[in-house]
Amino acid sequence: MPSQETLVRIAAAPYAGTRARAGLDAALAFAAFGQPPAVLLSGPGVLALPPRQANSSHGTPSLRKVLDSLPLYDIDTLWVCAASLERHGLADLELPAYAARADSALLRRLLSEASAVLSF
Amino acid sequence: MPSQETLVRIAAAPYAGTRARAGLDAALAFAAFGQPPAVLLSGPGVLALPPRQANSSHGTPSLRKVLDSLPLYDIDTLWVCAASLERHGLADLELPAYAARADSALLRRLLSEASAVLSF
Amino acid sequence: MRLHCYSADINATAFDDLRASLEAGDCVLLTGPAVALARPGHPRSDALVDAPATVFALSEDLELYGVNDTDARIARVDYAGWLELALRMRSQVAWY
Amino acid sequence: MRLHCYSADINATAFDDLRASLEAGDCVLLTGPAVALARPGHPRSDALVDAPATVFALSEDLELYGVNDTDARIARVDYAGWLELALRMRSQVAWY
Amino acid sequence: MRFTLLVLSAPDFGCANRHALRFARAVIDGGHELACVFFQDRGVLTALKDCESAQAEEDLRSAWQGIARDGDADLAVCSASAARFGVADGRRADNILDGFALSGLGDLVMARGDSDRFLTFAD
Amino acid sequence: MRFTLLVLSAPDFGCANRHALRFARAVIDGGHELACVFFQDRGVLTALKDCESAQAEEDLRSAWQGIARDGDADLAVCSASAARFGVADGRRADNILDGFALSGLGDLVMARGDSDRFLTFAD
C-alpha cells in the first residue's frame, strides 16, 4: 500500500517562514488523494504543538489547529520525536490524543518503512 | 573616531546563500567611505578562511580572495573567533597575516567598543 | 551595555556564542522560536539566566508559540519595551 | 538502506538526530558547509564515522570550501556517484 | 529508474538548489528519467523572471531551463507557494520563466506514485 | 533619537522582517526618528510587487508602505541585492513597491553616521 510508505518529516520551526506550513500542505495533499502519509514532527518542528491560549487573537494562524485536523484526513497518528521535545523544553507537554512520542528506535523504523521521505 | 566604532560580524556560512558575501560588501562600503570597520568572522562564517587549491576552477568565486583584499581598503585586522575555528575543525588553520584569533575576552571587547554592529 | 537579540534555535551553537559574549549590564531579548526558552523548566534556561545579563522575551512571540506561562526570571516585553531596551543600551547584536 | 544527505552545520542538533537515525547499510552524504567534517582531525568526525553507516562527501563542495585533504574514512563522490548512491539506497532523507 | 525531486530552496539561498540542478543533470546523463521536479515553498523563486546572477556566478535559472529541454522533464511550480512569493499571482503566469509550469500539490502526489526514487533538496 | 534598521530577511522567511516592521512602528509611535530602513540581501524581497499574502496572514509589505508614509522614513533597497533577487533589474525599477527606493550601500554608511542607534534584523 503506497499510502503508508510516504513519510512527511517536518523539522522546520513553525511561524518562522513557510516551510513547516508547506510540509503540512503536502501531507494534506497526499491524504486528499487517498494516500495518507505518516507525519513526523522533529527538531524545532515540535514547537508547533503547544496550544495557544483560548483567547489568543494572534494574527498568524495556529499550526496546532492544522495538526488537530489531520485525523479528519485519515492521518491517524502524528509522530513526535521524543528527544526533540526534551531539547525544546516540552518533555512534559501533554500531547493531543492523535499524537505519539517516538523514541529513536521508532524513528528508525518510520524511516525504514518509508519508500519516500519528504523533508520539510 | 566613528570608523573604529562599526563592527561587521559575519556568522553566515559562505557559499550557502548570499549573506556572507553581503556582509563583506557592507564592510567594503564602509571602508570605501573612509570609515573602515572592524570585521569579525564567527560561527560558520569561519569556513570562508581555508584557501582553495591553487588550480581550483570552481564556478563560485572564492570569498577568501575578498578577505585577502581587506587590507587594501584599510581594514587592517580581520578578527576570527577562536572557539568557532575549533568547532569547525580549523583549530590548526594557518591564518593569513592580516587575521588574528579572538578569544572570548577579546570578542567582548570588540562588541563593547562598537557603537554599531552589523550582524550578517 | 548591549542589547542581544536572539532568535536562533536554543540548541544552536549561537547560544553558546551569545553566552560567551555577555557582560554585566547587557540585556538579552529572546524572539521567534527562541522564546521557547522562557517556558518554565526549559533545560537550557539556567545557562542563560545565570549569565551576567537581564533576560527578556517578546510577548508577541510568546503568544505565537503558545508559551502561556513564563519562567519568573524572564520578563515579557512588547515592542515599546523593546524600543526602551534599544534606547537604554548603547548597541544591538543580532544572533540568529 | 537509506541515503542521508546532510548539509546543515556540523554543530547543529540535526547532527545528533542524524546519528540517532542511522542503521547498518545506510549511507551519509555530506554536502554544503557540512563537508568541513571531512577535514582530517575534525572534532566531530569520529562521532559520525563510528556510526553504522558509510560516509561520503560531495567533491564539488569539498573544493568549494577548500577541504583539500580529506579524512581517509570519508570517500569523495561527484554527482554521478551521488546518483549511484540514490539508486542503491531505497530512500533518501534530507537533513538541513 | 524514474526520479521525483522536491526542491524547497531558492537559487540564491543555501546550496540545495544547485545540488538539485546538478543531480537532475546526472539523472539525465545517467540515462534515467525525471518524472518531475517539483518546486515548493521558496523553491518557486527558481522560476522568477528578471533575476540577474551576480557577476561571475553561475545562472542556476537558465541551467534549469536546460534541464527542461534536455530531460523532457516537468518543472512544476507549486501554485500556492508561487502566489505568496510573487511568482505568478494566481491569475496570470507571465513572470514565470519558460520551461516551468504552474502546478498543484496533486501533481506532486502523482509524481511520487509514478517514481522509483524521491529526493528532497532543501536548506 | 534617530534609528537605522538593517533588514536582511524577506517577509516570508523567519520572523525578522515582522520584528523590524513592528520595531519601526514603535520608533515612530515613541516619537523617535527613523533615519533609514535599509533592505539588503534577501531583505530586498520586501519591495517585490505582485506577492499575495496567504489567506488570513498579515500583509507585511503593505504595512511597510505605511511606515514610509507615517514615518517619513527612507525605505532603501540595496540595488546590488535587488538585481540578484529579481527586484528591479538594475535598469528599471518598475516592479518595486511604492514607498521603497533603490539605493546604494553608501546610503547605509551615511545613515549609520547619522543615527544614534543601529539595529540588524535577520534570520
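Residues numbered from 1 in each chain as written. Chains lettered and ligands numbered in written order. Predicted model: local features only at pLDDT ≥ 70, side-chain atom pairs only at ≥ 80, totals over all residues. Heavy atoms only, no water.

Asks: What exactly am I supposed to notice about the overall build of chain A here?
Replies: A count of helical and extended segments in chain A gives four helices and five strands. The order of helices and strands in chain A, counted from the N terminus, is β-α-β-α-β-α-β-α-β. Compactness check: chain A gives a C-alpha radius of gyration of 14 Å against a globular reference of 14 Å for 120 residues, within 12% of the reference. In terms of principal-axis extent, the alpha carbons of chain A reach across some 40 × 30 × 25 Å. Within chain A, contacts between residues at least 6 apart in sequence are counted, and of these 70% link residues at least 24 apart. For chain A, the exposed area adds up to about 4,500 Å²; of that, 50% sits on carbon and sulfur atoms. In chain A, 10 side chains carry a positive charge and 10 a negative one; their mean positions are 8 Å apart. (Helix = DSSP H or I, 4+ residues; strand = E, 2+ residues; numbered from the N terminus. Rg over C-alpha atoms; globule rule 2.2 N^0.38 Å. Contact = heavy atoms within 4.5 Å. Areas by Shrake-Rupley, 256 points an atom, 1.4 Å probe, with all protein chains shown as cover. Lys, Arg positive; Asp, Glu negative; His and termini not counted. Charge placed at Lys NZ, Arg CZ, Asp CG, Glu CD.)

Asks: How should helix α4 (residues 79-88) of chain D be read in this particular structure?
Replies: Because an α-helix packs 3.6 residues into every turn, residues spaced three or four apart end up facing the same way. The element α4(D) is largely enclosed, with a buried count of seven among its 10 residues. The N-cap of α4(D), judged by a side-chain oxygen 3.2 Å from the amide nitrogen of A80(D) a few residues on, is D78(D). (Buried < 20%, exposed > 50% of the residue type's maximum accessible area, 1.4 Å probe, protein only. Polar contact = N/O pair within 3.5 Å; in protein donor to acceptor, adjacent residues only side chain to side chain.)

Asks: Help me out: how do you make sense of the sheet that holds strand β4 (residues 100-103) of chain E in this one?
Replies: Whether parallel or antiparallel, the strands of a sheet pair through hydrogen bonds between backbone atoms. Residues and elements named next belong to chain E. Spatially, five strands are ordered β4-β3-β2-β1-β5 in an open sheet, and the strand pairing comes out parallel. Strand pairing shows two members of the sheet lacking a second neighbour, β4 and β5 (117-121), which therefore form its edges. Ignoring strand direction, the axes of neighbouring strands in this sheet form an average angle of 25°. As paired elements, strand β2 (residues 33-39) and strand β3 (residues 75-78) share three bridges and run parallel to each other. (Pairing = 2+ DSSP bridges. Axes fitted to C-alpha atoms, helices over the stretch in contact; angles between N-to-C directions.)

Asks: What is the right way to look at the confidence of the model for chain C in this model?
Replies: Detailed reading of predicted coordinates is not advised where the pLDDT is low. Per-residue confidence for chain C gives a mean pLDDT of 97, with 100% of residues at or over 70. Interface confidence for the predicted complex, expressed as ipTM, amounts to 0.93; the pTM equals 0.94. (pLDDT = per-residue confidence, 0-100.)

Asks: Is there a simple way to explain the environment of H58(A) in this structure?
Replies: If you trace the backbone, H58(A) turns up in the loop between β2 (38-41) and α2 (63-69). Using a relative accessible area of 15% as the deciding quantity, one classes H58(A) as buried. For H58(A) and G89(A), which are 31 residues apart along the polypeptide, the C-alpha to C-alpha distance reads 22 Å. When residues no more than four places from it in sequence are discounted, the contact partners of H58(A) are R52(A), E60(C), E63(C) and L64(C).

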